[in-house]
Amino acid sequence: MGKQITFNECPRPQFVRDSYQLLDGKWNFAFDYNNLGESKKYYKGFNKEYDIVVPFSYLCAASNVNIEKRCDNVWYQKVINIKKEKKNYFLHFEGADYLTKLYVNGKFVGKNEGGYHRFSFNITNFIKNGDNLIVVKCEDDFDMQKIRGKQRWQDKNHGCWYVETTGIYKSVWLEKTPLSFVKNVKITPVLKDKKVYLEYSLANAINMKLKSTIYFDNEIINTNISKINEDTLKVEIKLKKPYHLWDLDNPALYDLKIELISKRKVIDTINSYFGLRELQVKDRFIYLNGKKLYQKLVLDQGYYLTSSLTPLTNKDLYNDIIKMKELGFNGCRKHEKQEDERFAYYADVLGYLIWSEIPSFYLNTLTSRQAYEKQFMKIIKQNYNHPSIITWTLFNESWGIEGILNNKILQEWVNYIYYITKEYDPYRFVITNDGWEHTISDIITIHHYEQDGDKLYSYFKDLNKVLAKPYDDSNKNLFADGYKYNNQPIMFTEFGGTAYEKNTSISTEGMKNWGYGVGVNDDSDYIKRLSKLFNALNRIDYSNGYCFTQLSDVQQEVNGLLYIDRTDKIDPKIIKEIQDRRN
């Protein structure tokens, strides 16, 4: 009990059994440029072209393939030895882009569409005792209807879009469960009720009992034992004084032990945890546990020098949080990406806020909307239990929903997504369209990349001016037609973005530098510009905070506070001093 950071955490850190095996490492790999693999029965085994290192995409150096060339069909295979018992066996994929097909011992098991959520297959009926052949086919392309985040849809990088990520790019792991088992749990702590609400999904467990035990610092707080009458079970457990709150300065976490009991014997055990915290809005300001919360966020796209969207190690995720806290940030906006869930675990333990964002599609069609509807709630359900996540961002800057300014049907669809999200999670903030052209939204967010701090302040010092149409010379409206300000909190969730072009070869590898405004080339000019930009927003009295672009350089985009290898551009103490001027 008690949360510790080991860097060897389970890929699903909030629902952990002891019986799992990580399958990352060497797999066989082959390109299938002409999509002939299925007709040639690659699923029964194929001649490898490369040994690839999973979980890295073949397009990056860390994969050991390192070929930056589009291929829409790629194959993986690995032989795993299983000592088969009378158990269930699940193969979990933390992320593979975009359509994944799984074959075990030459037989088709199933498929999954979407690159940003965990998906799993029950392979119990496909495996045998001894060696088993696992074959995976991933299909991807440049279709702009697909949720793709910052992955380019052209052969070359452009603007702020980068090399695509095709195939497996997150951990793959095998888990063994009893035949009767706990499938998942939704954990909802509610401070005002002094309770935690548990919603379980179970398999083959009717007439058994479920024991839920809450601990804090290894001491039992309360226990509930309930009889299972169907495949779902709702449990309420009272918390006891003193209440231990999850906060930025003291991110207290309760442990939850879940035990499935059959005939007085524990047959399934899961370890989980939760944080007790309360988000509120009073008079246009955000409060965390009754204290006003001024958010100092950094835009975090989660790209790495040799491994693209995948961190080389778990410690890289941890280090990004530690580094940003040292610079004075208290959270991040994970931009156009769903990070490895261990990042949220580290944020939970360290006290670091996360805005979780659904990656964008870029062509608004019935097909793209239907795919979004299938995938976005899987992302939210997967990450719901993490106390560090305080906001769901559904869309960004009208990407994929162009025309929302005056298209009533599109507005209603976006509102529908908002209400589905709020129905499942009424305790977090939901942003419909981060940046501008808001419909209904719990926080009104503004993006602006003016590089002159004095001008930036002049644009936004007067709230009435901000609410006008348009609010400055950018020709952007804060609200879509038919919507208006309803005293929501306001934040500046993209600003800065200054291109710092000193020593950028670390990040760009020969690509043309890209950033906002006229770039700077020396420390003095860079510090002056940053200081004026931060000071401008910190002087705005109605603001609830900001999100600075960005944590690190990303390929051709050289506007990070750090280089892409996470080395400093300037003394981090200077950035912290600038941010600390507003406490």
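In this text the structure is predicted, and so the values were computed from the model without any measurement.

Colleague: Describe unusual backbone geometry, naming the residues involved and giving the relevant values.
Modeller: Between Lys241 and Pro242 the backbone carries a cis peptide bond, its omega angle lying at -5°. One non-glycine residue, Asn204, adopts positive backbone phi at about 55°. Mapped onto the fold, Asn204 is located in the loop between strand 14 (195-203) and strand 15 (209-216). The class of Asn204 is exposed, set by a relative accessible area of 54%. Positioned with a positive phi, Gln555 is a non-glycine residue whose angle comes to about 50°. With respect to the helices and strands, the residue Gln555 is situated in the loop between strand 32 (543-549) and helix 9 (572-579).

Colleague: Go over the pairing of strand 4 (residues 73-82) with me, naming the residues and quoting the values.
Modeller: Along strand 4, eight of the 10 residues are buried, which leaves the element largely enclosed by surrounding structure. Direction of pairing for strand 2 (residues 25-31) relative to strand 4: antiparallel, over a ladder of four bridges. Residue pairing for strand 4: Phe31 is matched across the bridge by Val74. Where strand 4 and strand 10 (residues 130-139) come together, 10 bridges link them in antiparallel fashion.

Colleague: Describe helix 5 (residues 453-460), and please don't skip the residues or the numbers.
Modeller: Those residues of helix 5 that fall on the buried side of the exposure criterion are Gly453, Leu456, Tyr457, Tyr459 and Phe460. The arc that holds every buried residue of helix 5, seen down its axis, measures 160°, which confines them to one face. The inward-facing, buried residues of helix 5 abut strand 28 (444-447), helix 6 (463-466), strand 29 (490-496) and helix 8 (523-538). Where helix 5 starts, the residue carrying a side-chain oxygen 2.9 Å from the main-chain nitrogen of Asp454 turns out to be Asp452.

Colleague: Summarise the layout of surface pockets; cite the residues concerned and give the values.
Modeller: Roughly 950 Å³ of internal volume is contained in the largest pocket. When contributions to the lining of the largest pocket are tallied by element, the ones reaching two or more residues are strand 5 (88-93), strand 9 (119-122), strand 12 (172-177), strand 13 (181-190) and helix 3 (366-383). It is strand 13 that contributes the most residues to the lining of the largest pocket, six residues altogether. For the lining of the largest pocket, the residue count by class is eight nonpolar, 10 polar and 10 charged.

Cut-offs and rules
- Along each chain, residue indices are assigned from 1 in the same order as the chain's sequence is written.
- Predicted model: local features are reported for residues with pLDDT of at least 70 only, side-chain atom pairs are reported and counted for 80 or more only, and whole-chain, interface and lining totals are derived from all residues.
- As a rule here, side-chain values cover all heavy atoms of the structure and leave hydrogens and water aside.
- Working definition: helices are DSSP H or I runs of at least four residues, strands are E runs of at least two. Numbering for both runs from the N terminus.
- For the exposure calls, accessible area comes from a 1.4 Å probe over protein chains only, and a residue counts as buried if that area is under 20% of its type's maximum, exposed if over 50%, partly exposed in between.
- By this definition, two strands are paired if DSSP reports at least two bridges between them.
- An arc is given here, and it is the one of the directions from the helix axis to the C-beta atoms.
- We call two residues in contact whenever any of their non-hydrogen atoms come within 4.5 Å of each other.
- Whenever a nitrogen or oxygen atom comes within 3.5 Å of another N or O atom, the pair is scored as a polar contact, on the condition that within protein one atom can donate a hydrogen and the other can accept it, and that pairs from neighbouring residues in sequence are kept only if both atoms are in side chains.
- Each cavity reported here is a set of points on a 1 Å grid over the protein atoms alone in which a 1.4 Å probe fits but cannot get out, each pocket an open set with protein on both sides within 12 Å along at least five of seven lines, and each lining residue one with an atom within 4 Å of a point.
- Grid points are joined across faces, edges and corners, and a volume is the space filled by probe spheres set on the points.
- Think of it as three bins: nonpolar holds Ala, Val, Leu, Ile, Met, Phe, Trp, Tyr, Cys and Pro, charged holds Asp, Glu, Lys and Arg, and polar takes everything else, Gly as well.

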